[in-house]
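Coordinate inspection notes
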Amino acid sequence: SIDALSVFNLTTGKTKRIYQASRGDKLENFEVSPDGKNVSIPNASGALTILSLPNGKSRKIISGSLKNERDVFAPVWRNNKEVCFERVSVKDGSGQVALFSLDTNKSRDISVKWPSKAVFGILNNPDDKRLSFEQMLSDLKEQKKTKVKG
């Protein structure tokens, strides 16, 4: 497994280590922001680390309950200041898609009203469990009908 991130300078040919992995970090799934200034690093414990490339500082972002161990998948930068990521419970497989803002330093669950099977794999396709957009809409309509009847 990968234990650190390094930067290679094409001009000098030198390598500089910029981040040493913490326990559970999945460095092979890092994602660079569109402007190239930040890197998001998912962690198996449900945390997401944001590494600032200009100053080398990192900070852990933890959203949701610490009681439910969650695995973070597929961080995807929405823009230079917001990163979206999928979190899946190790206990029951339930998931959420969260959006973190570097400006406000807060994350929010953007999948609150989504069917549970729509969340798993929305940002990545771990198995063949990803729903198409049409299937998600159909499931939401069906869920709405069920709630109205009950």
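This part is about the overall build of the protein. For the protein, the count of helices and strands is 2 helices and 10 strands. Put simply, the protein has 150 residues, and 34% of those count as buried. Residue pairs in contact within the protein that sit at least 24 positions apart in sequence constitute 35% of those at least 6 positions apart. In the structure as shown, the protein presents an accessible area of about 9600 Å², 51% of it carried by carbon and sulfur atoms.

Turning next to the environment of valine 88. The topology assignment puts valine 88 in strand 8 (residues 82–89). Here the alpha-carbon distance between valine 88 and glycine 46, two residues 42 residues apart in the chain, equals 8.2 Å.

This part is about the confidence of the model for the protein. When the pLDDT values of the protein are averaged, the result is 76; 65% of them are 70 or greater. This model gives residues 126–131 a pLDDT under 50, and the stretch forms 14 contacts once residues within four places in sequence are excluded.

Time to look at the nonpolar core. Counting residues in hydrophobic clusters, the biggest one holds 10 residues: Leu48, Ile50, Ile61, Val72, Trp77, Val83, Phe85, Ala98, Phe100 and Leu102. Of all the secondary structure elements, the ones that give two or more residues to this core are strand 5 (47–52), strand 7 (70–77), strand 8 and strand 9 (95–101). When near neighbours in sequence (up to four residues on either side) are disregarded, phenylalanine 100 contacts Arg59, Ile61, Lys81, Glu82, Val83, Phe85, Asn105, Lys106 and Ser107. Counting residues in hydrophobic clusters, the runner-up holds 6 residues, among them Leu5, Val39, Ile41 and Leu51.

With that out of the way, let us pick up the pairing of strand 2 (residues 15–20). A regular strand carries its side chains on alternate faces of the sheet. Taken together, the 5 bridges between strand 1 (residues 4–8) and strand 2 define a ladder with antiparallel strand orientation. The residue of strand 2 that forms the bridge with serine 6 is arginine 17. The antiparallel pairing of strand 1 with strand 2 creates a hairpin that spans 6 residues between the two strands, and glycine 13 there sits at a positive phi of about 80°.

About the thresholds
Residues numbered from 1 in each chain as written. Predicted model: local features only at pLDDT ≥ 70, side-chain atom pairs only at ≥ 80, totals over all residues. Heavy atoms only, no water. Helix = DSSP H or I, 4+ residues; strand = E, 2+ residues; numbered from the N terminus. Buried < 20%, exposed > 50% of the residue type's maximum accessible area, 1.4 Å probe, protein only. Contact = heavy atoms within 4.5 Å. Areas by Shrake-Rupley, 256 points an atom, 1.4 Å probe, with all protein chains shown as cover. pLDDT = per-residue confidence, 0-100. Core = buried A, V, L, I, M, F, W, Y, C linked by side-chain atoms within 4.5 Å. Pairing = 2+ DSSP bridges.

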